[in-house]
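# Fold and geometry: a report
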Amino acid sequence: MLCLVLMQVLLPAQTNPRVLIVYFSQTGNTREMAEAVANGARAVTGVEVKLQTTAETTFPDLMAADAIIVGSPVYNANAAPEVVSFMNSWPFNGAPFKNKIGAAFVTGGGVSAGEELVQLNILHSMMIFGMIIVGGADWTSPFGASAVTDEAPFDSSSGGKHVAKQFLQKGEGLGKRVAELSLRLKKNPETNPKR
């Protein structure tokens, strides 16, 4: 009995991997995608998922996460200023984000309106911090997940939700893939490069 108690005290507790989904949304479209990403991550058993805005996210939130998925609307082929400012506030000293999983999702008004540019900008920033970059669930979303919201046939003028179902499915696929990889790395620490 004493050995069992000592093992519980001396061995570190195995915690579930944490996936943090952080977004900025002005019109609700990016929030809708963020919710889809969170739903995909929550579909993986044994993973903790936290969904919040850039304004709500603290440094301890970032540090506690094993994976960080950042979402932004497209602003003139750039990430929203709030997302840029949020990521610019991340610290470099001590490389605290090294080997965390990183992924991106975006919403844009039209086809070829800059979605892939913004995804790549977010991913490039994550690479500067030494994060492990993850794309979407298949070849149709290699840079993460994105949605077109204001160009036919994907605009919301037909009523209902702002984001078309096929784009929400891409968001779910991204969230699920990131959660599965986080779980795999947490269960097999010998395959996870030491932070």
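Below is a short write-up of the structure. These numbers were taken from a predicted model, which means no experiment stands behind them.

Calculation rules
Residues numbered from 1 in each chain as written. Predicted model: local features only at pLDDT ≥ 70, side-chain atom pairs only at ≥ 80, totals over all residues. Heavy atoms only, no water. Buried < 20%, exposed > 50% of the residue type's maximum accessible area, 1.4 Å probe, protein only. Helix = DSSP H or I, 4+ residues; strand = E, 2+ residues; numbered from the N terminus. Axes fitted to C-alpha atoms, helices over the stretch in contact; angles between N-to-C directions. Parallel < 35°, antiparallel > 145°, perpendicular 65-115°, else oblique. Left-handed = near helix turned anticlockwise from the far one by under 90°. Contact = heavy atoms within 4.5 Å. Nonpolar A, V, L, I, M, F, W, Y, C, P; charged D, E, K, R; others polar. Salt bridge = Lys/Arg side-chain N within 4 Å of Asp/Glu carboxyl O. Core = buried A, V, L, I, M, F, W, Y, C linked by side-chain atoms within 4.5 Å. Expected span 1.5 Å × (residues − 1). Arc of directions from axis to C-beta.

### Observations concerning unusual backbone geometry
- A positive phi is found at Asn-76, a non-glycine position, where the angle reads about 50°.
- Among the residues examined, Asn-76 registers a relative accessible area of 74% and is labelled exposed.
- In this structure, Ala-77 is a non-glycine residue whose phi angle is positive, near 65°.
- Take Ala-77: it is sitting in the loop between strand S3 (67–75) and strand S4 (78–79).

### Details of the packing of helix H2 (residues 29–42) against helix H6 (residues 165–187)
- Where H2 contacts H6, the two axes come as close as 6 Å, and the packing angle between them is 45°. Here H6 runs oblique to H2, going by the angle between their axes. Note that H2 runs across H6; the crossing there is right-handed. Facing H2, whose interface residues are Glu-32, Met-33, Ala-36, Val-37, Asn-39, Gly-40 and Ala-41, H6 presents Phe-167, Leu-168, Gly-171, Glu-172, Gly-175, Lys-176 and Ala-179.
- Residues of the contact of H2 with H6, tallied by class, amount to seven nonpolar, four polar and three charged.

### Some words on the pattern of salt bridges
- Applying the stated rule across the entire model yields five salt bridges.
- Across the salt bridge formed by Glu-35 and Arg-31, the nearest N and O atoms sit 3.7 Å from each other. Residue Glu-35 and its partner Arg-31 are both found in helix H2; the two are separated by four residues, about one turn of the helix.
- The partly exposed category is assigned to Glu-35, whose relative accessible area is 35%.
- The partly exposed category is assigned to Arg-31, whose relative accessible area is 41%.
- Glu-180 is paired through a salt bridge with Lys-176; the nearest N and O atoms lie 3.8 Å apart.

### Digging into the nonpolar core
- Among the nonpolar cores identified, the biggest contains 30 residues, and Val-19, Ile-21, Met-33, Ile-69, Phe-105, Phe-167 and Val-178 are the most heavily contacted of them.
- Those elements that place two or more of their residues in this core are strand S1 (18–23), H2, S3, strand S5 (101–108), strand S7 (145–148) and H6.
- For this core, the element with the most residues is H6, which contributes seven residues.
- Setting aside chain neighbours within four positions, we find Phe-167 in contact with Met-33, Ser-146, Ala-147, Val-148 and Phe-154.
- Counting residues in hydrophobic clusters, the runner-up holds 23 residues, among them Phe-24, Leu-62, Val-83 and Ala-104.

### Let's talk about helix H5 (residues 115–128)
- Compared with an ideal rise of 1.5 Å per residue, which puts 14 residues at 20 Å, H5 spans 20 Å between its outermost C-alpha atoms and is within 8% of the ideal.
- Of the positions making up H5, those classed as buried are Glu-115, Val-118, Gln-119, Ile-122, Leu-123 and Met-126. Each buried residue of H5 sits inside an arc of 130° when the element is viewed along its axis, so together they form one side.
- Next to the buried residues of H5 lie S3, S4, helix H4 (81–88), S5, strand S6 (132–133) and S7.
- Downstream of H5 by a residue or two, Gly-130 has a phi angle that is positive, lying close to 80°.

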